[in-house]
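Coordinate inspection notes
So the chains spell out like this:
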Amino acid sequence: MKNSPHLPVLLTPVINSFHDCTTGYIVDCTLGYAGHSSALLEAMPQISIVGIDRDDEALNFSRDRLSVFGSRVTLYKGSFAQTLPC
């Protein structure tokens, strides 16, 4: 995989803030290039990610980056302020 054009900030504090989440879903409302989501999926094999971003380039990059996690990842194009379809 190509290098990410963005490095996530505060990665360790973000990962640590979810240490009690052993199962379920985490919603990343500003997915970007999936740095935080990728690290969360690696650190917690029982969780899944729902990622949302409005940028096509970021979504395409993240789709490729997160493909190794298979069905644990669901991506949507949109703004976190929008309502997702049920």
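Check the entry above for the structure.
Residues numbered from 1 in each chain as written. Predicted model: local features only at pLDDT ≥ 70, side-chain atom pairs only at ≥ 80, totals over all residues. Heavy atoms only, no water.

Here the focus is helix 2 (residues 35-43). Among all positions of helix 2, only G35, S37, S38, A39, L40 and L41 are buried. On its buried face, helix 2 sits against helix 1 (11-17), strand 1 (24-28), strand 2 (47-53), helix 3 (56-65) and strand 3 (73-77). (Buried < 20%, exposed > 50% of the residue type's maximum accessible area, 1.4 Å probe, protein only. Helix = DSSP H or I, 4+ residues; strand = E, 2+ residues; numbered from the N terminus. Contact = heavy atoms within 4.5 Å.)

Let us look at the pattern of salt bridges. Side chains that carry opposite charge are capable of pairing whenever their charged atoms lie near each other. Throughout the structure, instances matching the rule amount to 1 salt bridge. Two residues, K77 and D56, come together in a salt bridge whose shortest N-O distance is 3.0 Å. Remark: D56 occurs in helix 3 and K77 occurs in strand 3; sequence separation between them is 21 residues. (Salt bridge = Lys/Arg side-chain N within 4 Å of Asp/Glu carboxyl O.)

What follows covers unusual backbone geometry. Backbone geometry places L10, a non-glycine residue, at a positive phi of 55°. Looking at the secondary structure, you find L10 in the segment before helix 1. On the basis of relative accessible area, L10 is assigned to the exposed category, the value being 61%. Located in the positive-phi region is A34, a residue other than glycine, with phi close to 65°. By secondary structure assignment, the location of A34 is in the loop between strand 1 and helix 2.

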